[in-house]
Number of protein chains: 2
Amino acid sequence: MDQRVKKKATIYDLSVLSGSSPSTVSAVLNGTWRKRRIKESTAQTILGLAELHQYTTNLQARGLRRSRSGLVGLMLPVHDNRYFSSMAQTFEGHVRSRGQCPVVVSASRDPEEERRTAETLISYSIDQLFIVGATDPDGVHEVCEPAGLRHINIDLPGAKAHSVISDNYEGARMLTKAIIRRFGNDDPLRPDELFLFGGRNDHASRERIAAFHATKKALLGADPEDGVQSSGYSPDITLRAFEAFYQRHGKLPRALFINSSINMEGLLRFMAGRPAEMFSELVVGCYDYDPFGSFLPFPVIMVRQNVEAMITKAFELIDNPTTTPQTFLIAPELVQPRSALKGPLDTLKDIA
Amino acid sequence: MDQRVKKKATIYDLSVLSGSSPSTVSAVLNGTWRKRRIKESTAQTILGLAELHQYTTNLQARGLRRSRSGLVGLMLPVHDNRYFSSMAQTFEGHVRSRGQCPVVVSASRDPEEERRTAETLISYSIDQLFIVGATDPDGVHEVCEPAGLRHINIDLPGAKAHSVISDNYEGARMLTKAIIRRFGNDDPLRPDELFLFGGRNDHASRERIAAFHATKKALLGADPEDGVQSSGYSPDITLRAFEAFYQRHGKLPRALFINSSINMEGLLRFMAGRPAEMFSELVVGCYDYDPFGSFLPFPVIMVRQNVEAMITKAFELIDNPTTTPQTFLIAPELVQPRSALKGPLDTLKDIA
DNA sequence: AGTTTCTGCACCATCGATTGTGCAAGCGAA
DNA sequence: TTCGCTTGCACAATCGATGGTGCAGAAACT
């Protein structure tokens, strides 16, 4: 054999070398050999040869035959965000510990892309799909269902498959309350001094906005209609929302409820180039946790969604396929300003 | 057929339905039919049937036959970090625009895990592998090489395959200089007031530390030996390093060079629970960019590695396989405090 | 010795798509 | 009419692993 690109050893090669049949080799290598009553010594011989020739199973062939692949998919809206990246990190740990191979892809919150991505993954016979923050979870379901692919929604719920999501209402209630309480009694917050930025017409935003309204009303007695500035999940649109607000009022509100860390980046863009003092009195609540975000020069109260619990619950549900789709709420956690919480990375072994 | 889990249509099904042979169906569906002189009308019939029955290619079967998969792998140390997650985001865009399917996995900076992960990916016949920040790039190479898998190192170089990395020396030089210059002439920084935290024995750390030493020496005239506190890539170890330092000196240095955003999180942990005033005079340089990190309550000068350029260069190299392995340096960019830069997410279309 | 029961393994179809090759029918030219 | 070329497609081997089935030889039993 040429040293370059020597073909990988197959069970047929080992079959010839060992004098056993391919099926015997296969059984030995995939661990079913006791069930097939292969002699211990035969097995050892084959395992030895496999080691020697660096045999590794061609997983495409196995996948083709078994019509599953050992791959478990995670579909994210985007990678570049601490909420979703911690989701990926946590997911990886779980999948790895089950001896499967995690595959993480993103679909940009584009319903079409979401479906295409699911289809591609299905073509590789992935075993399960975790759908995170999909814009159109039910559209993805329509793709998974006929293929018999087990799937589950996380973060944003769908009607046709189980969903595990944050308790957005409760989280937003806590957050709104914490923002309001942050102001003392001598100079309490007025209803028209607290605005929500971000959010669009998805389940999470709706819940959060509802809780925001209700809590404002309950604690501040009133809630002016224009208290919400929708700006989707885009830093730039959020920036423009802040600029527009600033244009109109000549200042920012005293307090902000920001719908996600992505919108929070819009606030950063607004801050860039403006004097820091402009923000020294600001109080911000952000629905999402980012360790750096927690230490900004003004108090930032954050909500950390319990990613670990969500993923755990999702695995539980996907393993015991039940009947009618349900949505499960996972309680998030309020994070006081200047908190550096442990994350999924802390599970990895530290090396100095 | 049962409505549940109806098997997916195959070329054989379409072959029966259309009255053509499987090979003809295959050719039509994979686009090689003109080359095979299939009649236009035959093709149209088959395409119609494919549409009707929602045919999708079984990519495992194709992969088995062609011994490639259309998958392109990205192996990261970890997901949960803005540097690496922006890498993933950028990578996805590139791969998608080439009509292939990106898969992102992490290997926890564990050489053994890195090799195992590469092996798994190889078993799925991925077409190319981008190895980011590997602890043992050459170990991964040893796995890829015999399999004939094209691969390239990013962020941390290897000796046996092309590498695309940040110009760490130059970046660290700029950063060190910027930190020092940050102090006015009336109260200039002394050599024993600037410390480096983080880093371990990898190429990037060594370069940065060398530049740190050299620049300190050049600009401050001296460089005490104990100016570097190695603490790997772990927030917790970094936290302990800060605590130990604080224990010994009763205060932090006036200025810090922090080797990565992960170490920066160690600083956050140190800050948590301590009064903000303790850090009001601090000046920090961080080798990595995080938008939130840029707005901390003290000046944080950051270095943004040019992820887009690195990925672009990597694709260029992996497409034109040349001879002897080389390392290519990509210039990073100094980011002034309170900057909110655009990132890979800004490429996505905004939806409000 | 003859029959049953294990042992230990080989045989072979199969998963779905790809691709080199072969060949019949159609057509124009000689 | 016959030769030769083109058109349009079918055939069959192949990628590597899996798992149901069958069968020879040894052991156990009557």
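Everything numeric here is computed off the predicted structure, so don't read it as measured data.

A. Structural context of the protein's contact with DNA strand C. Neighbouring residues of DNA strand C: 27 residues in total, closest Lys39 of chain A together with Tyr12, Tyr55, Arg62 and Arg65 of chain B. Protein-proximal atoms of DNA strand C, defined as those within 4 Å of the protein, fall in sugar or phosphate at a share of 46%. Contact distances for DNA strand C include 3.4 Å between a phosphate oxygen and a backbone N or O atom of Gly19 of chain A. With respect to DNA strand C, the side chain of Arg36 of chain B contributes an N or O atom lying 2.9 Å from a base nitrogen. Of all the elements in the fold, those that place two or more residues in the surface near DNA strand C are α2 (22-30) and α4 (59-66) of chain A together with α1 (11-18), α2 (22-30) and α4 (59-66) of chain B. No other element matches the four residues that α4 of chain B contributes to the surface near DNA strand C. Classifying every residue of the surface near DNA strand C by side-chain character gives six nonpolar, 13 polar and eight charged.

B. Examining the protein's contact with DNA strand D more closely. The full set close to DNA strand D counts 28 residues, and Tyr55, Arg62 and Arg65 of chain A together with Thr24 and Lys39 of chain B are the nearest of them. Sugar and phosphate atoms represent 44% of those atoms of DNA strand D found within 4 Å of the protein. Between DNA strand D and Asn30 of chain A there is a distance of 3.1 Å, counted from a phosphate oxygen to a side-chain nitrogen or oxygen. Secondary-structure elements contributing two or more residues to the surface near DNA strand D are α1 (11-18), α2 and α4 of chain A together with α2 and α4 of chain B. With four residues, the top contributor of residues to the surface near DNA strand D is α4 of chain A.

C. Representation of the nonpolar core within the structure. Among the nonpolar cores identified, the biggest contains 53 residues, and Leu267 of chain A together with Leu267 of chain B are the most heavily contacted of them. When residues no more than four places from it in sequence are discounted, the contact partners of Leu267 of chain B are Phe242, Leu252, Leu256, Ile258, Leu282, Val284 and Phe298 of chain B. In terms of nonpolar packing, the next biggest core, distinct from the first, is built from 52 residues, Val72, Leu76 and Ile154 of chain A together with Phe84 of chain B among them.

D. Quick peek at the relation of the copies chain A and chain B. Expressed as a screw operation, the relation of chain A to chain B combines 0.1 Å of axial shift with a rotation of 180°, fitting to an RMSD of 0.2 Å. Viewed as a symmetry operation, the transformation between the two copies matches a two-fold axis. Taken together, the interface assignments show that 100% of the residues at the interface of chain A recur at the interface of chain B, consistent with an identical surface on both copies.

E. Seen up close, the interface of chain A and chain B. Each partner contributes residues to the interface: chain A has 86 residues there, and chain B has 86 residues. In this assembly, chain A packs against chain B so that about 7300 Å² is buried in total across both faces, 55% of it on carbon and sulfur atoms. Of all residues in chain A, Gln60, Asp80 and Phe292 of chain A give up the largest surface area on contact with chain B, accounting jointly for 12% of the area buried on that side. Taken together, the connections running from chain A to chain B amount to ten salt bridges. Between Asp346 of chain B and Arg269 of chain A there is a salt bridge; the shortest N-O distance is 2.7 Å. There are 37 residue pairs in polar contact (both at pLDDT 80 or more) connecting chain A and chain B. Listed by contribution, the elements that provide at least two residues to the side of chain A that touches chain B are α4, α5 (82-97), β2 (101-106), α6 (111-123), α7 (137-147), α10 (235-249) and α11 (261-271) of chain A. Counting residues per element, the side of chain A that touches chain B draws most heavily on α5 of chain A, which supplies seven residues. For the side of chain A that touches chain B, the class distribution of residues is 37 nonpolar, 25 polar and 24 charged.

Here is what the cut-offs are and how they apply
Residues numbered from 1 in each chain as written. Chains lettered and ligands numbered in written order. Predicted model: local features only at pLDDT ≥ 70, side-chain atom pairs only at ≥ 80, totals over all residues. Heavy atoms only, no water. Near = heavy atom within 4 Å. Polar contact = N/O pair within 3.5 Å; in protein donor to acceptor, adjacent residues only side chain to side chain. Helix = DSSP H or I, 4+ residues; strand = E, 2+ residues; numbered from the N terminus. Nonpolar A, V, L, I, M, F, W, Y, C, P; charged D, E, K, R; others polar. Core = buried A, V, L, I, M, F, W, Y, C linked by side-chain atoms within 4.5 Å. Buried < 20%, exposed > 50% of the residue type's maximum accessible area, 1.4 Å probe, protein only. Contact = heavy atoms within 4.5 Å. Least-squares fit on C-alpha atoms with pLDDT ≥ 70 in both. Buried area = accessible area lost by both parts, 1.4 Å probe. Salt bridge = Lys/Arg side-chain N within 4 Å of Asp/Glu carboxyl O.

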